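Here's the letter readout for the chains.
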Amino acid sequence: MTRSGFVALAGRPNVGKSTLVNAAVGEKVAIISERPQTTRRAIRGVCHRGDCQMILVDLPGVQRARDALTERMAGRVQQELAGADVVLHMLNAEQGIGGGDRFTARALTSGGSSASSRVVALNKIDRVSRARVAELLQEALALGVSDEVFAMSARTGEGVEALLEHLALQMPPGPFLLAEGSASDQSQHVLLGELIREAAIRRTRDEVPHALEVLVEEIEHPRAGLARVRALIWVESTSQKGILIGAGGRMIKAIGSAARPELERELDAHVHLDLSVKVRRAWRADEALLDRLGIG
Ligand SMILES: Nc1nc2c(ncn2[C@@H]2O[C@H](COP(=O)(O)OP(=O)(O)OP(=O)(O)O)[C@@H](O)[C@H]2O)c(=O)[nH]1
Ligand SMILES: [Mg+2]
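The rules behind the values
- Residues numbered from 1 in each chain as written.
- Chains lettered and ligands numbered in written order.
- Predicted model: local features only at pLDDT ≥ 70, side-chain atom pairs only at ≥ 80, totals over all residues.
- Domains from an automatic or database assignment.
- Contact = placed C-beta atoms within 7 Å.
- Nonpolar A, V, L, I, M, F, W, Y, C, P; charged D, E, K, R; others polar.
- Pairing = 2+ DSSP bridges.
- Helix = DSSP H or I, 4+ residues; strand = E, 2+ residues; numbered from the N terminus.
- Axes fitted to C-alpha atoms, helices over the stretch in contact; angles between N-to-C directions.
- Near = placed C-beta within 6 Å.
- Core = buried A, V, L, I, M, F, W, Y, C linked by C-beta atoms within 7 Å.
- Buried ≥ 20, exposed ≤ 12 C-beta atoms within 10 Å, placed from the backbone.
- Right-handed = clockwise from strand over helix to strand, strands pointing away.

You can read the domains of the protein chain as domain 1 (3-169) and domain 2 (188-292). One C-alpha centre belongs to domain 1, the other to domain 2, and the line joining them spans 28 Å. In this assembly, nine residues from domain 1 lie in contact with twelve residues from domain 2. For the side of domain 1 that touches domain 2, the class distribution of residues is three nonpolar, three polar and three charged.

Below is the structure:
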């Protein structure tokens, strides 16, 4: 008898939710960066353990909504948490447990889900001493989210398998929900756009990472082994556009060079990448546009 279900990942920005999803799936389905609020969409990553199919739902970090974009992100988090078989609350050992984690813990414990359907993971234990891990595990228990607290490092892989095995045991009996060969539910256009966005946010700072979005307009295969990808990077002001293009076009070239190997791996072809930067004022407040981008 097979088992299957959804595990939704809750936690502050930057705790390593997307890193864990990629580790569980065994390929890159979600982008990762040091900048908080990297993830904007709910991404379903497929993970098989024995006769169990787990669908890990990577979610944006919980935060205060400031505009239509972040409001949609927060709304989607609530919806996914309510619909999951198990909620995994992730904590960051490097930063310690703070107000943001307690806020999430309260939201999870008041949400009507039973304690048995919640699990806590203390991530980034590669950054702290064993004694500190023991201390943080006690603090994690005190959050009251779950009695099941796992220590792990999504980066080194330590503790990841034990966590996944535990999660798999929580999945209810049922047929597989997604085709066995698929790694995620994202369209190729969205995934390629995300890979380009990752290259761009890793090279920018302050408000710029939050102000940019990438739209893949066209993926062509002019001949076997060659793909042509045309993408637009949106920013919100002309000064941000200047930053993204850079002196003599150096920045946009660097973003393209960093993204191209990722796209090539994904498309299994040599890639011609045509990137342009466009100012789209207040796109984060444009509801119709956010619909088109599939956010929320
Ligand atoms: N040292 C260490 N770094 C980690 C670990 N897991 C993730 N990171 C790093 O932490 C940063 C944030 O990781 P993400 O996976 O993007 O975090 P997230 O929770 O998805 O963040 P948002 O999408 O913004 O909510 C990245 O720089 C990762 O490389 C870990 O176990 N150890
Ligand atoms: Mg993320």
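Having seen the structure, we can now continue with the description.
What follows is about the sheet that holds strand 8 (residues 226-235). Taken in spatial order, the three strands of this open sheet run 7-8-9, and their pairing is mixed. Two strands close off the open sheet at either side, each with one partner strand: strand 7 (213-223) and strand 9 (270-279). Averaged over all neighbouring strand pairs, the angle between strand axes comes to 15°, with direction disregarded. Where strand 8 lies against strand 9, ten bridges are found, and the strand directions are parallel. Residue Leu 226 lies in a different strand from strand 9, and its bridge partner there is His 270. Those strands touched by helix 6 (residues 188-202) are strand 7 and strand 8, and its axis lies near 120° from that of strand 7. Helix 9 (residues 250-267) contacts strand 8 and strand 9 of the sheet and is inclined by roughly 135° relative to strand 9.

Our focus in this paragraph is the site of ligand 1. Neighbouring residues of ligand 1: 24 residues in total, closest Gly 16, Ser 18, Thr 39, Gly 61 and Arg 155. Ranked by residue count, the leading element in the shell around ligand 1 is helix 1 (residues 17-25), at three residues. Taken together, the residues of the shell around ligand 1 sort by class into six nonpolar, twelve polar and six charged.

What follows is about the sheet that holds strand 2 (residues 43-49). If you trace the six strands from one edge of the open sheet to the other, you get 2-3-1-4-5-6, paired in mixed fashion. Both outer strands of the open sheet, strand 2 and strand 6 (149-151), are each paired with one neighbouring strand and no more. Strand-to-strand, the axes of this sheet are offset by a mean angle of 25°, without reference to chain direction. Relative to strand 6, strand 5 (residues 118-123) runs parallel, the two sharing three bridges. From the neighbouring strand, Leu 122 faces strand 6, where its bridge partner is Ala 151. Packing against the sheet, helix 3 (residues 99-109) makes contact with strand 1 (3-10), strand 4 (86-92) and strand 5, and its axis sits at approximately 170° to strand 4. Contacts from helix 5 (residues 160-169) reach strand 1, strand 2, strand 3 (52-58), strand 4, strand 5 and strand 6 within the one sheet, and its direction differs from that of strand 2 by about 90°.

Counting residues in each nonpolar core, the largest one holds 81 residues, and the members touching the most others are Leu 9, Leu 88 and Leu 122. No other element matches the seven residues that helix 6 contributes to this core. Here this core gathers at least three residues from each of two domains, domain 1 (3-169) and domain 2 (188-292). Beyond its immediate sequence surroundings of up to four residues, Leu 122 is in contact with Leu 91, Ala 93, Leu 136, Leu 137, Ala 140, Val 149, Phe 150, Ala 151 and Met 152.

All right, on to the pairing of strand 5 then. Remember that side chains alternate between the two faces of the sheet whenever the strand is regular. Across the six residues of strand 5, six count as buried, placing the element largely inside the fold. Here strand 5 shows no split at all, with Arg 118, Val 120 and Leu 122 on one side and Val 119, Ala 121 and Asn 123 on the other all buried. With six bridges connecting them, strand 4 and strand 5 associate as parallel partners. Each residue of the ladder has a partner; that of His 89, found in strand 5, is Val 120. Handedness of the β-α-β unit built from strand 5, helix 4 (residues 130-142) and strand 6 comes out right-handed.

Moving on, we come to the environment of Asp 85. Counting through the fold element by element, Asp 85 comes out in the loop between helix 2 (68-83) and strand 4. For the pair Asp 85 and Met 251, spaced 166 residues apart in sequence, the C-alpha to C-alpha distance is 43 Å. In contact with Asp 85, other than residues within four places in its own chain, are Gly 5, Phe 6, Val 7, Ser 117, Gln 170, Met 171 and Pro 172.

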